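One-letter residues, chain by chain:
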Amino acid sequence: MGVNIGYRLNDKSTIGLGAAYKLGMGSIQKIRFSTEGIGLRSFIDWKLVNAKGKIFSNFYLSGGYERNYYPGLRN
């Protein structure tokens, strides 16, 4: 499960942050909920406009960074 929130800098650029929660459900024989990890992420989306071509008139450049923590892997 995750959620992201972004802020539009202008008509072409958006930056944002997000968080994720990883839920473990065990096995079919024994259902057990556990925390498998959490994650933080950031992203940027940038629209590159090319007015000359009609087929490829809009290009988008996206990038991001994500960091995950898995406390459940130690057990």
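Preceding block: the structure.
The sections below set out a description of the structure shown in this document. These figures come from a predicted structure and were not determined experimentally.

### Looking at the overall build of the chain
Counting its regular elements, the chain contains zero helices and four strands. The N-to-C order of helical and strand elements in the chain reads β-β-β-β. Taking all 75 residues of the chain together, 11% fall into the buried category. Carbon and sulfur atoms make up 60% of the accessible area of the chain, which totals about 6,600 Å².

### Focus on the sheet that holds strand β1 (residues 2-8)
Taken in spatial order, the four strands line up as β1-β2-β3-β4 in an open sheet, and their pairing is antiparallel. Each of the sheet's edge strands pairs with one partner strand only, and the pair in question is β1 and β4 (58-69). Taking each pair of neighbouring strands and ignoring which way they run, the sheet shows an average axis angle of 15°. As paired elements, β1 and strand β2 (residues 13-26) share seven bridges and run antiparallel to each other.

### Considerations on the pattern of salt bridges
In this structure the tally under the stated criterion is one salt bridge. In this structure, Arg41 and Glu66 form a salt bridge, with 3.6 Å as the shortest nitrogen-oxygen distance. With Arg41 in strand β3 (residues 31-49) and Glu66 in strand β4, this residue pair connects regions lying 25 residues apart in the sequence. Classification of Arg41 by relative accessible area gives partly exposed; the value is 23%. You can call Glu66 partly exposed: its relative accessible area is 40%.

### So, the pairing of β1
In the case of a regular strand, side chains alternate between the two sheet surfaces. Among the seven residues of β1, zero are classified as buried, and the element is accordingly described as predominantly exposed. Linking β1 back to β2 in an antiparallel pair, the connection comprises four residues.

### Focus: the side chain of Ser13
If you trace the backbone, Ser13 turns up in strand β2. Contacts of Ser13, omitting those with residues within four sequence positions, involve Tyr7, Arg8, Asp45 and Trp46.

### Here we look at the environment of Leu23
Tracing the backbone shows Leu23 in strand β2. Owing to a relative accessible area of 39%, Leu23 belongs among the partly exposed residues under this scheme. Separated by 13 residues in sequence, Leu23 and Glu36 place their C-alpha atoms 5.5 Å apart. Ignoring any residue separated from it by four or fewer positions in sequence, one finds Leu23 in contact with Met1, Phe33, Ser34 and Glu36.

Reading the values: the criteria
Residues numbered from 1 in each chain as written. Predicted model: local features only at pLDDT ≥ 70, side-chain atom pairs only at ≥ 80, totals over all residues. Heavy atoms only, no water. Helix = DSSP H or I, 4+ residues; strand = E, 2+ residues; numbered from the N terminus. Buried < 20%, exposed > 50% of the residue type's maximum accessible area, 1.4 Å probe, protein only. Areas by Shrake-Rupley, 256 points an atom, 1.4 Å probe, with all protein chains shown as cover. Pairing = 2+ DSSP bridges. Axes fitted to C-alpha atoms, helices over the stretch in contact; angles between N-to-C directions. Salt bridge = Lys/Arg side-chain N within 4 Å of Asp/Glu carboxyl O. Contact = heavy atoms within 4.5 Å.

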